[in-house]
Amino acid sequence: MKPEIHPNYRAVVFQDLSSDFAFLTRSTIAAKETIKWEDGQEYPLIKVDISSHSHPFYTGKQKTIDAGGRVDKFRRRYGAAGQK
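Residues numbered from 1 in each chain as written. Predicted model: local features only at pLDDT ≥ 70, side-chain atom pairs only at ≥ 80, totals over all residues. Heavy atoms only, no water.

Q: Describe the pairing of strand β1 (residues 10-16), with residues and values.
A: Along β1, 5 of the 7 residues are buried, which leaves the element largely enclosed by surrounding structure. As defined by bridge partners, β1 adjoins strand β2 (residues 21-27) across 7 bridges and the pair is classed as antiparallel. Pairing of alanine 11 across the sheet is with arginine 26, part of β2. Between the antiparallel neighbours β1 and β2 lie 4 residues, among them aspartate 20 with a positive phi of about 55 degrees. The sheet contact formed by β1 and strand β4 (residues 42-48) spans 4 bridges and is parallel. Bridge pairing links aspartate 16 to valine 48 in β4. (Buried < 20%, exposed > 50% of the residue type's maximum accessible area, 1.4 Å probe, protein only. Helix = DSSP H or I, 4+ residues; strand = E, 2+ residues; numbered from the N terminus. Pairing = 2+ DSSP bridges.)

Dropping the structure here:
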């Protein structure tokens with residue numbers, strides 16, 4: 001392989017914001033934040049809205065996730081359901 005043409009493949013922590021679940025894996029994704037993991041080392045942190053720990057397909061439970069206040073924005077714009 002040619003040196004210095006491949007992205008940096010390293011250990012990264014992905015954190016599911018909807019269920020506060022985190023897992024350590026390897027990735028080339030760039031991260032701005034870091035987190036101290038269970039082994040005492042610092043790893044880059046990637047925050048995700050949904051993962052296998054919170055996705056209805058894997059959990060068997062339907063759950064409404066309001067990322068960024070979309071439900072509130074809709075209600076403000078169009079009013080409460082059933083009102084005319």
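Q: Tell me about the side chain of glutamine 15, residues and numbers included.
A: Tracing the chain through its elements places glutamine 15 in strand β1. Among the residues examined, glutamine 15 registers a relative accessible area of 17% and is labelled buried.

Q: Hey, could you go over the sheet that holds β1 for me, with residue numbers and the actual values?
A: The 4 strands lie next to each other as β2-β1-β4-β3, forming an open sheet whose pairing is mixed. Edge positions in the open sheet fall to β2 and β3 (33-36), since each of these has one partner strand only. The mean inter-strand angle of the sheet, taken between neighbouring strand axes irrespective of direction, is 45 degrees. (Axes fitted to C-alpha atoms, helices over the stretch in contact; angles between N-to-C directions.)

Q: Kindly report on the environment of lysine 32, identifying the contributing residues and their values.
A: Position of lysine 32 relative to the elements: it lies in the loop between β2 and β3. For lysine 32, a relative accessible area of 87% puts it in the exposed group.

Q: Could you give me a rundown of the packing of aromatic side chains, with the residues and numbers involved?
A: One pass over the structure, following the stated rule, counts 2 aromatic pairs. An angle of 15 degrees between the planes, with centres 5.7 Å apart, marks the rings of phenylalanine 14 and phenylalanine 23 as stacked. The exposure class assigned to phenylalanine 23 is partly exposed, which follows from its relative accessible area of 32%. Ring centres 5.9 Å apart and planes at 35 degrees place the aromatic pair phenylalanine 21 and phenylalanine 23 in the tilted group. (Phe/Tyr/Trp six-rings, centres within 6.5 Å; stacked < 30°, edge-to-face > 60°.)

Q: Describe the pairing of β4, with residues and values.
A: Bridge analysis of β3 against β4 gives 4 bridges, and the strand direction is antiparallel. The partner of threonine 34 across the bridge, within β4, is proline 44. In sequence, β3 turns back onto β4 through a hairpin of 5 residues, with glycine 40 there showing a positive phi of about 90 degrees.

Interpretation in functional terms is not warranted from these geometric data alone.
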